[in-house]
Amino acid sequence: MIKVGSNKTILGASGVTISGCGLTLSGSKNVIIRNLSFSGWDDDAINVESGSTNVWIDHNSFTNGYDGAVDIKRASDFITVSWNRVYNHGKSMLLGHSDGNGSQDTGHLRVTYHHNYFDGSGTRHPRVRFGNPVHVFNNYYRDNEYGVASTMDAGVLVEGNYFENVDEPTLVGYADSDPGTLVQRNNYFVGSGSPESAGSVASIPYSYSVDSASGVKSTVVNGAGAGKISV
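Basis of the calculations
- For every chain, the first residue of the written sequence is number 1, and numbering continues from 1 along that sequence.
- The predicted nature of this model means local features are confined to residues of pLDDT at least 70 and side-chain atom pairs, given and counted, to a pLDDT of 80 or more, with totals for whole chains, interfaces and linings taken over all residues.
- The side-chain numbers reported here are obtained from all heavy atoms of the structure, hydrogens and water having been left aside.
- Pairing between strands is defined by DSSP: at least two bridges between them are needed.
- Every helix listed is a DSSP run of H or I at least four residues long, and every strand listed is a run of E at least two residues long, numbered separately from the N terminus.
- Note on definitions: angles span 0 to 180 degrees between N-to-C directions of axes, and those axes are lines fitted to C-alpha atoms, for helices only across the stretch in contact.
- In what follows, a contact means two residues having at least one pair of non-hydrogen atoms within 4.5 Å.
- Remark: nonpolar core denotes a set of buried residues (Ala, Val, Leu, Ile, Met, Phe, Trp, Tyr, Cys) joined through side-chain atoms within 4.5 Å.
- For the exposure calls, accessible area comes from a 1.4 Å probe over protein chains only, and a residue counts as buried if that area is under 20% of its type's maximum, exposed if over 50%, partly exposed in between.
- Here a polar contact is recorded for every N or O atom pair within 3.5 Å, except that within protein the pair must consist of a potential hydrogen donor and a potential acceptor, and residues adjacent in sequence are included only if both atoms are side-chain atoms.

## Observations concerning the sheet that holds strand β12 (residues 85–87)
Inference 1: The strand order across the open sheet formed by 8 strands is β3-β6-β9-β12-β15-β18-β21-β24, and the pairing between neighbours is parallel. With partners counted over all chains shown, the strands left at the sheet margins are β3 (17–19) and β24 (188–190), one partner each. The sheet shows a mean angle of 10 degrees between the axes of neighbouring strands, direction not considered.
Inference 2: The pairing of β12 with strand β15 (residues 117–119) spans 3 bridges and is parallel. Bridged to Y87 within β15 is D119.
Inference 3: Contacts from helix α2 (residues 216–223) reach β15, β18 (140–142) and β21 (162–164), with the element oriented near 90 degrees to β18.

This is the structure in C-alpha cells:
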C-alpha cells in the first residue's frame, strides 16, 4: 500500500492505472483522489482509516482486486465517494471494519456516496457499520447480490438510486451484524427484490439536489469512472 499524507491531490492523467497495489490514508486530512484506474490490488485499492477526514474520491475505476475497492474505517469522517465505477469485482465499499469497533466509530463515519456505477459488482455498495448519517443517492446498481446494508446502529438514507437486477437492494442487518436503520425513498427498481427499511436517520447536514431516479442509469453510465473528466 502506498501511503498518502495530508493536503494532497492525486489526479491521474489519461490512461493512468495503478496495478497490484493500492493507496492508504491513515490520519490524513484534505485529500483528493481522482481519475485513476485500479486493478489487481492485493489488499484494498483505497483504504481510508485512523481518523482521516475531508477526503474526496471521485471518477475512479476499480476492477479485479482482492479486497475492498474503497474501504473507510476507524473513525474516519466527512468523506465523499462520487462518480466511481466498480466492475468485475466482488467486495466494493465497506464503511466500518468490524462489529466490535463501536467505541471508536460511533459519531464518525459520515460519508456520502453519489453517482457511482456498481457494474455487476457483488456486495458492499456500501455495507455500513455505526455511521449516521450516511447518504447514498443517485447511484446506479446493476446485477448485484445486494446494494446497501445498514448494520450496528448505523443510519443510512438511500434515495434516488436506480436498482436493476439486484437481488436485495437494501438490507437492515447483514450476516452476524446487528441491524442499523435505513430510510429508502424515491428509488427506481427494475427486476429487483423488495427493499428493506426500518427506523429513522439523522439529518443530512448539507443542502443538495437529487436527480430523478429513472434517469440515473443513463447519467451514471455516461459519466462514472476514470477517463470521463478533463485533466
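## A closer look at the nonpolar core
Inference 1: Among the nonpolar cores identified, the biggest contains 40 residues, and F38, F62, I72, Y113 and V156 are the most heavily contacted of them.
Inference 2: With sequence-adjacent residues up to four places away left out, F38 is seen in contact with I18, C21, L23, A45, I46, N60, S61, F62 and T63.

## Focus on the side chain of D77
Inference 1: The topology assignment puts D77 in strand β11 (residues 77–82).
Inference 2: A polar side-chain atom of D77 sits 3.4 Å from the main-chain amide nitrogen of L109.
Inference 3: Engagement of the side chain of D77 in a polar contact is seen with the side chain of R110, the distance being 2.5 Å.
Inference 4: Residues within four places of D77 in sequence aside, it is in contact with S52, T53, N54, G107, H108, L109 and R110.

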